[in-house]
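# Residue-level structure breakdown
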Amino acid sequence: MFSIGLTGGIGSGKSQVADWLAAWGAAVIDTDRIAHALTVPGGAAIEPLRAAFGAEAIGPDGALDRAWMRTRAFGDPAARRQLESVLHPLIDRAVRDQAERAEGPYGVYVVPLLVESGRWRERVDRICVVDCDPETQVRRVQARSGLTRDTIERIMSAQASRADRLAAADDIIVNDDSTDLDTLRRRVFQLHQAWCDRASRPADGRTTHG
Ligand SMILES: CC(C)(COP(=O)(O)OP(=O)(O)OC[C@H]1O[C@@H](n2cnc3c(N)ncnc32)[C@H](O)[C@@H]1O)[C@@H](O)C(=O)NCCC(=O)NCCS
Ligand SMILES: Nc1ncnc2c1ncn2[C@@H]1O[C@H](COP(=O)(O)OP(=O)(O)OP(=O)(O)O)[C@@H](O)[C@H]1O
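What you see is a predicted model, and the numbers here were worked out from it, not measured in a lab.

Among the nonpolar cores identified, the biggest contains 30 residues, and L49, F53 and M69 are the most heavily contacted of them. Within the residue set of this core, elements represented by two or more residues are α2 (31-38), α3 (46-53), α4 (66-73), α5 (77-101) and β4 (126-131). When residues in this core are grouped by element, the largest group, eight residues, is from α5. Shared between two domains, this core holds at least three residues of each, these being domain 1 (1-26 + 105-210) and domain 2 (32-103). Residues within four places of L49 in sequence aside, it is in contact with T39, G54, A57, I58, L64, M69, L83 and V86.

As structure tokens, then:
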């Protein structure tokens, strides 16, 4: 299936873009959602995380204590690597399972750490970056979650720079401070049409008429 890797920094607007693409029929596989599903009570990552980080990592309800883990993961690179070494193989397996069942004109993998991981370039046909200035990222995430500026900046500094992300992009969706939701939706719809068109052509890119 023709596939897009959709990425962008925290608060750039990936989920908003992915929600529209899913509503228009694309097969969306979201690694953030998978990561959340793995860490609910009884999720496949709970016992491995308890073993790696101790009982404190798991809340009284049996779910990952996200605030506890956020403080560790974005305060200490070694803790973040340990968390990723537990979660990323499980996320990868779930992505492959979902991809086998995916149906639609094309597939979209939503991957916050796509540029950072380096493994996605050969797995997707195009990389699409949702681009946003850092100040707008902070403002949006504060409005959405109430996290402090300091925490948001720590998360941003654990991610690829805006320049590195843009350098990896085949397609760019501008979603900066001056972009309202209607404008964003129009930009995303144009790309959706281009991808549907591209996906319906043979792999060598030729179009057959008549
Ligand atoms: C540390 C955790 C518990 C914090 O949970 P919290 O509910 O605060 O954040 P949430 O999971 O909704 O992530 C919000 C955003 O943070 C960023 N982020 C998450 N994990 C990472 C990471 N390892 N490195 C850099 N940025 C990250 C992404 O932009 C993500 O969209 C959580 O982010 C987590 O489990 N991360 C490890 C899994 C992972 O690497 N996920 C990202 C891609 S699959
Ligand atoms: N152009 C826009 N105008 C107004 N609000 C927006 C715009 N783009 C995104 N938002 C809002 O900003 C917040 C962040 O967007 P979204 O959750 O889609 O980002 P994300 O890239 O998925 O973030 P994360 O990496 O944290 O998962 C959301 O509350 C979303 O509704």
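There is more to say, and it comes next.
With that out of the way, let us pick up empty space enclosed by the protein. A complete count under the given rule lists one cavity of 30 Å³ or more for this structure. In this model, the largest cavity occupies a volume close to 50 Å³. Forming the walls of the largest cavity are G9, S12, V129, V130, D131, C132, Q137, R162, R165 and L166. Secondary structure elements with two or more residues in the lining of the largest cavity: β4 and α9 (162-168). Here the lining of the largest cavity is composed, by residue class, of four nonpolar, three polar and three charged.

Let us look at the packing of aromatic side chains. Inspection of the entire model under this criterion finds four aromatic pairs. Consider the rings of F53 and W68, whose centres lie 6.4 Å apart with planes at 85°: the pair is edge-to-face. Taken together, the residues span a long stretch of sequence, with F53 in helix α3 and W68 in helix α4 at a distance of 15 residues. W68 sits in the buried class, given a relative accessible area of 14%. Aromatic side chains Y109 and W120 sit 5.2 Å apart centroid to centroid with 50° between the ring planes, which places their arrangement in the tilted category.

Residues in close proximity to ligand 2 total 14 residues, the closest being K14, S15, R144, N175 and T179. A distance of 3.3 Å is found between an oxygen atom of ligand 2 and a side-chain nitrogen or oxygen belonging to S12. Contact distances for ligand 2 include 2.6 Å between an oxygen atom and a side-chain N or O atom of S15. Among the detected pockets, ligand 2 sits in the largest pocket.

As a matter of local geometry, ligand 1 sits amid 20 residues, with D32, R66, R70, E84 and H88 nearest to it. Note that an oxygen atom of ligand 1 is positioned 2.7 Å from one of the side-chain N or O atoms of R66. Here an oxygen atom of ligand 1 and a side-chain polar atom of H88 are 2.7 Å apart. Protein chains shield 91% of the accessible area of ligand 1, which is 770 Å² for the free molecule. In this structure the site holding ligand 1 corresponds to the largest pocket. Elements that contribute at least two residues to the shell around ligand 1 include exactly α2, α4 and α5.

This part covers the confidence of the model for the protein chain. For the protein chain, per-residue confidence averages 95 on the pLDDT scale, and 96% of positions sit at 70 or higher. Interface scoring of the predicted complex returns ipTM 0.97; its pTM is 0.95.

About the thresholds
- Residues numbered from 1 in each chain as written.
- Chains lettered and ligands numbered in written order.
- Predicted model: local features only at pLDDT ≥ 70, side-chain atom pairs only at ≥ 80, totals over all residues.
- Heavy atoms only, no water.
- Core = buried A, V, L, I, M, F, W, Y, C linked by side-chain atoms within 4.5 Å.
- Buried < 20%, exposed > 50% of the residue type's maximum accessible area, 1.4 Å probe, protein only.
- Helix = DSSP H or I, 4+ residues; strand = E, 2+ residues; numbered from the N terminus.
- Domains from an automatic or database assignment.
- Contact = heavy atoms within 4.5 Å.
- 1 Å grid on protein atoms, 1.4 Å probe; cavity = no way out; pocket = protein on both sides within 12 Å on 5 of 7 lines; lining within 4 Å.
- Points joined across faces, edges and corners; volume = space filled by probe spheres on them.
- Nonpolar A, V, L, I, M, F, W, Y, C, P; charged D, E, K, R; others polar.
- Phe/Tyr/Trp six-rings, centres within 6.5 Å; stacked < 30°, edge-to-face > 60°.
- Near = heavy atom within 4 Å.
- Polar contact = N/O pair within 3.5 Å; in protein donor to acceptor, adjacent residues only side chain to side chain.
- Sits in = over half its atoms within 2 Å of the grid points.
- Areas by Shrake-Rupley, 256 points an atom, 1.4 Å probe, with all protein chains shown as cover.
- pLDDT = per-residue confidence, 0-100.

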